[in-house]
Amino acid sequence: MKIYEVLSWLLIVMLAIAFIGRIFIAYINPEVFLVGEKLGGDKARIYLLGNALASIFLVALLLKKNYWAGTVLTTLYFGYNVYEGYISYQTITPFTLLSLILPILTLISLKIDV
């Protein structure tokens, strides 16, 4: 098993955690910030469910062994979420930082075919 396959499985786990988190937030307390503006209620649910569906789409890409497209889109997905979290809350947690570093490491390992 190559390193990029192991990293891809870690990406799948992180995407699953992101999916579960978005679903819980949409169900328990549907509030979210979008570019610094607070959304609540149905608008927040739609945004959170769309974000959750995007993560499931990325998991499907990675499970189909479409590593390049899946990893590039996962990098963009987590990059957007890190950006959105920083704009809204002015903080970056270790999990969000790891969620941005891991896809970049996967891209590097894909490029050098390790």
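The shown structure was predicted, so the numbers you read here are calculated from the model rather than taken from an experiment.

1. With respect to helix H3 (residues 67-89)
Then, in step 1: Compared with an ideal rise of 1.5 Å per residue, which puts 23 residues at 33 Å, H3 spans 32 Å between its outermost C-alpha atoms and is within 8% of the ideal.
Then, in step 2: What H3 keeps buried is the set Tyr67, Gly70, Thr71, Thr74, Thr75, Tyr77, Phe78, Asn81, Val82, Glu84, Gly85 and Ser88.
Then, in step 3: Contacts from the buried residues of H3 go to helix H1 (3-28), strand E1 (31-34), helix H2 (42-63) and helix H4 (94-112).
Then, in step 4: Gln90 lies just past H3 and shows a positive phi near 60°.

2. Quick notes on the environment of Lys65
Then, in step 1: Relative to the elements of secondary structure, Lys65 occurs in the loop between H2 and H3.
Then, in step 2: Residue classification places Lys65 among the exposed residues on the basis of a relative accessible area of 53%.

3. Digging into the nonpolar core
Then, in step 1: Within the largest apolar cluster, 13 residues are counted, with the highest numbers of intra-cluster contacts made by Leu11, Leu15, Leu58, Leu62, Tyr77, Phe78 and Leu102.
Then, in step 2: Looking at which element gives the most residues to this core, the answer is H1, with 6 residues.
Then, in step 3: Those residues within four positions of Leu62 in sequence are excluded, and the remaining contacts are Ser8, Leu11, Ile12, Leu15, Tyr67, Gly70, Thr71 and Thr74.
Then, in step 4: Listed in part, the 6 residues of the second largest apolar core include Ala26, Val32, Ala44 and Tyr47.

4. Some remarks on the confidence of the model for the protein chain
Then, in step 1: In the predicted model, the protein chain carries a mean pLDDT of 90, and the fraction of residues at 70 or more is 100%.
Then, in step 2: Between the elements of the protein chain, mean pLDDT differs from a low of 85, seen in E1, to a high of 94, seen in H2.

5. Digging into the packing of aromatic side chains
Then, in step 1: One pass over the full model with this rule turns up 2 aromatic pairs.
Then, in step 2: Ring centres of Tyr77 and Phe78 lie 5.3 Å apart, and the angle between their planes is 65°; this geometry places the pair in the edge-to-face category. There is no split in this pair, since Tyr77 and Phe78 are both buried.

Criteria and cut-off values
Residues numbered from 1 in each chain as written. Predicted model: local features only at pLDDT ≥ 70, side-chain atom pairs only at ≥ 80, totals over all residues. Heavy atoms only, no water. Helix = DSSP H or I, 4+ residues; strand = E, 2+ residues; numbered from the N terminus. Expected span 1.5 Å × (residues − 1). Buried < 20%, exposed > 50% of the residue type's maximum accessible area, 1.4 Å probe, protein only. Contact = heavy atoms within 4.5 Å. Core = buried A, V, L, I, M, F, W, Y, C linked by side-chain atoms within 4.5 Å. pLDDT = per-residue confidence, 0-100. Phe/Tyr/Trp six-rings, centres within 6.5 Å; stacked < 30°, edge-to-face > 60°.

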